[in-house]
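Below, each chain spelled out in residue letters.
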Amino acid sequence: MGKDRTIYLIRHGAVYEEGEIHRCLGHTDVPLTTRGERQAGKTAEWFRDKEIKDIYTSPLQRCVKTAQIIRKQLADFGKEAGIRIQGSLQEINTGKWENLSFEEIRGKYPEEYEARSRELGYYAFPGGESFYQAGIRFGKCLEVIRKETEGNLLIVTHAGVMRGYLSGLLGVSLNDVFTISQPYAGIMILSE
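Residues numbered from 1 in each chain as written. Predicted model: local features only at pLDDT ≥ 70, side-chain atom pairs only at ≥ 80, totals over all residues. Heavy atoms only, no water.

S.K.: Lay out the nonpolar core with the relevant residues and their values.
M.R.: Ranked by internal contacts, the top residues of the largest apolar core, which has 31 residues, are Leu-9, Phe-138 and Ile-155. Contributing elements (two or more residues each) for this core: strand E1 (6–11), helix H3 (102–108), helix H5 (131–148), strand E4 (153–157) and helix H6 (159–170). At six residues, H5 tops the list of elements feeding residues into this core. Counting 14 residues, the second largest nonpolar core, distinct from the first, contains Cys-63, Ile-70, Leu-74 and Ala-81. (Core = buried A, V, L, I, M, F, W, Y, C linked by side-chain atoms within 4.5 Å. Buried < 20%, exposed > 50% of the residue type's maximum accessible area, 1.4 Å probe, protein only. Helix = DSSP H or I, 4+ residues; strand = E, 2+ residues; numbered from the N terminus.)

Right, dumping it as structure tokens:
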């Protein structure tokens, strides 16, 4: 990485409104809500005085839309940035638990649910992956992007995969990944 290069990790905007049943979402391709679109717009405002070379995004529509909103506002500020879709930036693969409510998961998979609560960071969802595995996948993808690019980058991705990756950087136990705050449309800054 060149001098003063910065990579901004951005979580997509909100995907469901308050009061809805909380589901185990990984690869389910859900859209942003109106609130999520507003959040992405506010995040874009933060980049008004920053130089951005490219935007990389997960292929899931909640991330692509967030990236598009940010790119449009950057263009309004006179800054051009391309969007590149990268499959390895997808959220954790939650396997058989995908799109189930946590109440349904406790009912259908009680032993697995209990095992996950004991080893949160290393437990692989049945038919899916763990925070640890997702973090490694994300880290490898980020390393490829870093080698192939120059300048400051935005990476629009998901909370789970970022938590898996950031736990190692921050010295946080993988079993405490939920202590790493990942608000909708929030920004994490990586620099060298």
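S.K.: Give me the lowdown on the pairing of strand E3 (residues 82–85), citing residues and values where you can.
M.R.: In this sheet, E3 lies alongside strand E2 (residues 54–57) in parallel orientation, the contact comprising four bridges. Its bridge partner being in E3, Tyr-56 is matched across the sheet by Arg-84. Following the chain from E2 across helix H2 (residues 61–76) to the adjacent parallel E3, one finds a crossover that is right-handed. (Pairing = 2+ DSSP bridges. Right-handed = clockwise from strand over helix to strand, strands pointing away.)

S.K.: An account of the pattern of salt bridges is requested, with residue identities and associated values reported.
M.R.: Evaluated as defined, the whole model comprises nine salt bridges. With its nearest N and O atoms 2.5 Å apart, the salt bridge here joins Arg-137 to Glu-129. (Salt bridge = Lys/Arg side-chain N within 4 Å of Asp/Glu carboxyl O.)

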